[in-house]
Amino acid sequence: MSLGIECGATGTSILLVSDKHEVLQRGEFGPANFNLLSGTELIGFFETVKKSLPDNVKLVNMGVGMPGIGDAKAKEVVTNMVKEIWPTLERVWVGSDAETALACIRKDSDIKLIVIAGTGSNCHAKDFDSVSKIGGFGHILGDRGSSFAIAQKALRLALREFEHKCAIGSSPEQNKKLREVENIPDDCIVKFFMEHKKIPSIAQLVQWSVECSKTEMAGLAVVVIKKWREGNLLAKTVIDEAITELSEDCSCLVKKFLRKPQKYSKITIGLTGSLFTKNEDFSKAFKKQVSAMLDLQGSVQLHFRKLLDTVQGALAMVTSWEADEGELDDLDTVKRISRTEMSHQILPEYTQLPQTECRNPNSMFLDTITTSEAIDLMLKEESVIHTEIAKHKEAIEELVLKISKCFQQGGRLFYVGAGTSGRLGVLDASECPPTFKSPPEWVQGIIAGGSAALTKAIEGAEDSVLDGSCAAEERKIGINDIVIGIAASGRTPFVWGTMFRAHTRGAFTAFLTFNTSLKFKWKPDMVLALDVGPEVLTGSTRLKCGSATKCVLNILSTLAMVNYGKCFENLMVDLSPANQKLKDRALRIVLLMLDGVKGVSEEKARQILVSNNYDIRKTVEQLRGFS
């Protein structure tokens, strides 16, 4: 078997394949940089990767791409380290993340160049006999056009903008109040930075900027990009400068090669990093500017490719694995599959008007009956939900067991939806960490339109299958994961785009809908089509469909966690005590589990529980040992 490991500033991806190049496992881990981790931390990082793999794995080949690997000594350190952890290894390649990204570009290009624009930034290129780079000097001296650079520059300008606009108070107390987030004018972009980080005052924002990590600072770039799209002048200044800086570095590197005596016919520029992979408009502006700067005028073919899965490059270094070059973005030369074409290929067809759009004969006089009668009507309509769910008990049971097994194998559960369906998925996912102390990545909600769609409708967000497909790519959904699409009427393009791409990446897919008359072109691995009848208020699927969705998701996540071992009898023994109510509950659970054990008082239990940071299992074991 062969394992590819691709590290980065925000996260790490792994890809395990068989000798026949069958994908066996994908995984996501925390960031790793050779220059930022101690020897002990590096060993711990690789040990964590090892624990995620099946026990019977015999690794023969391994490729590791990691930031900070810049010389032979660094390569030797990592090589020796992985050989000690995996003694069966016969062939090991260790290099920089830039080298693995370059390996994802096909060999028919005369000049292969990659532009990395994520937390940090740099450009690397190679031709027949030479390699060169620009950047890579870190966030203090380099990282031009990166998320860090965008965030830092925008924050500096935002603070200056605030100082220019802020009124002068009549007292020190009033001046302090004017610098609190709720009193900052909406036209000051600094207010949105503070809201994003939940920082209440300018003084605390400044303190945060001094103490935060490079990755935390870079996280503010999403706010800048959002404001750029909304037309904010400050954000436009920062983003335009970032695009220009990246374009200048990329063009300069290309021109270095073009000055050589060799004749080139094809240049491929690979784009990787979150600024490119998550922001199509940013990528488009970059490509347009680079093309203008180079002005090749047909003498050399110029191609752009978005590199979405560079861990494949790590495998390509040690096996005959052919890396998927990624999403084709050639300017004017290659037509990408359109939204319409993809929709035609995968979206199911309506064979009749969906039940969700039909009028309910029982509520035709909803606007004239009394409120008391309307309450009775709504309760009666809601009563059909549990009967209908019970008809699908066997399929739901199978799905529960698959989810539990998924967690055991290091996989993740994703709910995907738009509108009410998306919000319910996000809600269920967000409740798992406090209830079961599960890692937040175990259960995730994906909603069309992103986090903004949680509180308001985002026009057209659900209409793109391509956006759904990108959502699966961005989260690197793979063979160990489960994706549950939720669409009341059954045909939400965003949901189908996510499910289909997840399926092609090896994930198990399930679909929850309340339309029982769909004609499928491509069918997920499991379909739960429930007939709860038309809504009391025609088309308002937040009613019966919403209630039924919440019930099904409750069953899936709760019982999957129970099967995993997250409860004792009916007690949530792994809860996360985020507030006083949960701390009190943790104490009651400890006392219930120790019922009948002599010598354990409430006060003693509380003291041990607090000393164990409210770890219920550890506390119970310790107190039983005292008795």
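Residues numbered from 1 in each chain as written. Predicted model: local features only at pLDDT ≥ 70, side-chain atom pairs only at ≥ 80, totals over all residues. Heavy atoms only, no water.

## Focus: the overall build of the protein
Then, in step 1: Helix and strand content of the protein: 25 helices and 18 strands.
Then, in step 2: A globule of 627 residues ought to have a C-alpha radius of gyration of about 25 Å, and the protein, at 27 Å, matches this closely.
Then, in step 3: Projecting the C-alpha coordinates of the protein onto the three principal axes gives extents of approximately 85 × 75 × 65 Å.
Then, in step 4: Within the protein, contacts between residues at least 6 apart in sequence are counted, and of these 68% link residues at least 24 apart.
Then, in step 5: Approximately 30200 Å² of the protein is accessible, and the part contributed by carbon and sulfur atoms is 52%. (Helix = DSSP H or I, 4+ residues; strand = E, 2+ residues; numbered from the N terminus. Rg over C-alpha atoms; globule rule 2.2 N^0.38 Å. Contact = heavy atoms within 4.5 Å. Areas by Shrake-Rupley, 256 points an atom, 1.4 Å probe, with all protein chains shown as cover.)

## As for unusual backbone geometry
Then, in step 1: Within the chain, lysine 437 stands out as a residue other than glycine whose phi angle is a positive 55°.
Then, in step 2: With respect to the helices and strands, the residue lysine 437 is situated in the loop between helix H19 (419–436) and strand E14 (443–447).
Then, in step 3: Its identity is not glycine, yet lysine 476 carries a phi of approximately 50°, on the positive side.
Then, in step 4: Looking at the element boundaries, lysine 476 is found in the loop between helix H20 (465–474) and strand E15 (482–487).

## Thoughts on the environment of histidine 139
Then, in step 1: Its place among the elements puts histidine 139 in helix H4 (residues 138–141).
Then, in step 2: Between the C-alpha atom of histidine 139 and that of threonine 119, which follows or precedes it by 20 residues, the distance is 8.9 Å.
Then, in step 3: Those residues in contact with histidine 139 that sit more than four places away from it in its chain are Phe148 and Lys214.

## Some remarks on a nonpolar patch on the surface
Then, in step 1: There is a patch of nonpolar side chains on the surface, built from Phe137, Ile140 and Leu141 and spanning about 420 Å² of accessible area.
Then, in step 2: For isoleucine 140, the position within the fold is in helix H4.
Then, in step 3: With relative accessibility at 70%, the residue isoleucine 140 sits in the exposed group. (Patch = residues over 30% accessible without salt bridge, like charges linked within 9 Å, V, L, I, M, F, W, Y side chains within 5 Å. Salt bridge = Lys/Arg side-chain N within 4 Å of Asp/Glu carboxyl O. Buried < 20%, exposed > 50% of the residue type's maximum accessible area, 1.4 Å probe, protein only.)

## Regarding the sheet that holds strand E2 (residues 12–17)
Then, in step 1: Ordered by their spatial adjacency, five strands build an open sheet running E3-E2-E1-E4-E5, and the pairing between neighbours is mixed. Of all the strands in the sheet, just strand E3 (23–29) and strand E5 (91–95) have a single pairing partner and so form its edges. Pairwise comparison of adjacent strand axes, ignoring direction, gives a mean angle of 10° for this sheet.
Then, in step 2: Here strand E4 (residues 61–65) pairs with E5 via five bridges, running parallel. The residue of E5 that forms the bridge with methionine 62 is valine 92.
Then, in step 3: The sheet contacts of helix H1 (residues 39–52) involve strand E1 (2–6), E2, E3 and E4, and relative to E3 the element is tilted by about 140°.
Then, in step 4: Across the sheet, helix H2 (residues 72–85) touches E4 and E5, and the angle it forms with E5 is around 140°. (Pairing = 2+ DSSP bridges. Axes fitted to C-alpha atoms, helices over the stretch in contact; angles between N-to-C directions.)

## Considerations on the packing of aromatic side chains
Then, in step 1: Counted under the stated rule, the structure contains 13 aromatic pairs.
Then, in step 2: Relative to phenylalanine 520, the ring of tryptophan 496 lies with its centre 6.0 Å away and its plane at 45°, an arrangement referred to as tilted. Of this pair, tryptophan 496 sits in helix H21 (residues 493–504) while phenylalanine 520 is found in the loop between strand E17 (518–519) and strand E18 (526–529), placing the two residues 24 residues apart along the sequence.
Then, in step 3: What makes phenylalanine 520 partly exposed here is its relative accessible area of 27%.
Then, in step 4: Cluster of aromatic residues (ring-pair linked, three or more members): Trp228, Phe276, Phe282, Phe286 and Phe304.
Then, in step 5: Here the guanidinium or amino end of lysine 133 rests over the ring plane of phenylalanine 137, the centre of that ring lying 5.0 Å away. (Phe/Tyr/Trp six-rings, centres within 6.5 Å; stacked < 30°, edge-to-face > 60°. Lys NZ or Arg CZ within 6 Å of the ring centre and 35° of its normal.)

## Here's the deal with H21
Then, in step 1: Counted at 1.5 Å a residue, the expected span for H21 with its 12 residues is 16 Å, and the 17 Å between its end C-alpha atoms agrees.
Then, in step 2: Of all the positions in H21, only Pro493, Phe494, Val495, Trp496, Gly497, Thr498, Met499 and Ala502 are classed as buried. (Expected span 1.5 Å × (residues − 1).)

## Here we look at H2
The periodicity of an α-helix, 3.6 residues per turn, causes residues three or four positions apart to be oriented the same way.
Then, in step 1: Across its 14 residues, H2 extends 20 Å between first and last C-alpha, which sits within 8% of the 20 Å expected from 1.5 Å per residue.
Then, in step 2: Of the residues making up H2, those classed as buried are Ala74, Val78, Thr79, Met81, Val82 and Ile85. Projected onto a plane normal to the axis of H2, the buried residues spread over an arc of 165° and lie on a single side. Facing away from the buried surface of H2 by more than 90 degrees, the exposed residues are Ala72, Lys73 and Glu84.
Then, in step 3: The elements touched by buried residues of H2 are H1, E4 and E5.
Then, in step 4: Between the side-chain oxygen at the start of H2 and the backbone nitrogen of lysine 73 there is a gap of 3.3 Å, and the oxygen is on aspartate 71. (Arc of directions from axis to C-beta. Polar contact = N/O pair within 3.5 Å; in protein donor to acceptor, adjacent residues only side chain to side chain.)

## Side note on the pairing of E5
In summary, the side chains of a regular strand alternate between the two faces of the sheet.
Then, in step 1: Counting buried residues in E5 gives four out of five residues, a clear majority hidden from the surface.
Then, in step 2: Assessed by its sense of winding, the connection that carries the chain from E4 through H2 to E5 is right-handed. (Right-handed = clockwise from strand over helix to strand, strands pointing away.)

## Overview of the packing of helix H18 (residues 393–408) against helix H22 (residues 544–564)
Then, in step 1: Following both chains from N to C, one finds H18 and H22 inclined at 50°, their axes separated by 8 Å at the closest point. Classified by the angle between their axes, H18 and H22 sit oblique to one another. Note that H18 runs across H22; the crossing there is right-handed. Within the contact between the two elements, H18 uses Ile396, Leu399, Val400, Leu401, Ile403, Ser404, Phe407 and Gln408 and H22 uses Ile555, Leu556, Leu559, Ala560, Met561, Asn563 and Tyr564.
Then, in step 2: The class makeup of the residues in the contact of H18 with H22 is 12 nonpolar, three polar and no charged. (Parallel < 35°, antiparallel > 145°, perpendicular 65-115°, else oblique. Left-handed = near helix turned anticlockwise from the far one by under 90°. Nonpolar A, V, L, I, M, F, W, Y, C, P; charged D, E, K, R; others polar.)

## Some remarks on the nonpolar core
Then, in step 1: Ranked by size, the top nonpolar core spans 60 residues in total, and within it Val115, Ile150, Val190, Phe193, Ile269, Phe282 and Phe286 carry the most contacts.
Then, in step 2: Here this core takes 11 residues from helix H11 (residues 233–258), the largest share from any one element.
Then, in step 3: When residues no more than four places from it in sequence are discounted, the contact partners of isoleucine 150 are Gly145, Ala221, Val224, Val238, Ile239, Ala242, Leu275 and Phe282.
Then, in step 4: Formed by 35 residues, the second largest nonpolar core is a distinct cluster that contains Leu399, Cys406, Leu413 and Tyr415. (Core = buried A, V, L, I, M, F, W, Y, C linked by side-chain atoms within 4.5 Å.)

## Considering the sheet that holds E18
Then, in step 1: Reading across the sheet, the five strands line up as E14-E13-E15-E16-E18 and stay open at both edges, with parallel pairing between neighbours. The sheet terminates laterally at E14 and E18, the two strands that pair on one side only. Within the sheet, the average angular offset between the axes of one strand and its neighbour, ignoring direction, is 15°.
Then, in step 2: As paired elements, strand E16 (residues 508–513) and E18 share four bridges and run parallel to each other. When the bridges of E18 are listed, phenylalanine 511 appears paired with valine 527.
Then, in step 3: Of the strands in this sheet, strand E13 (413–417), E14, E15 and E16 are in contact with H21, which crosses E16 at around 160°.

## Considering the confidence of the model for the protein
Then, in step 1: Across the protein, the average pLDDT comes to 86, with 95% of residues at 70 or higher.
Then, in step 2: Contacts of residues 325–338 to residues separated by more than four positions or lying in other chains number 35 contacts, the stretch itself having pLDDT below 50. (pLDDT = per-residue confidence, 0-100.)

## Some details on the pattern of salt bridges
Then, in step 1: In total, this model carries 22 salt bridges according to the counting rule given.
Then, in step 2: The salt bridge partner of lysine 260 is aspartate 129, with a shortest N-O separation of 3.0 Å. Of the two residues, lysine 260 sits in the loop between H11 and strand E9 (266–272) while aspartate 129 sits in the loop between strand E7 (121–126) and strand E8 (131–135), which places them 131 residues apart along the sequence.
Then, in step 3: For aspartate 129, a relative accessible area of 56% gives the class exposed.
Then, in step 4: Between glutamate 474 and arginine 475 there is a salt bridge whose closest N-O contact spans 3.9 Å.

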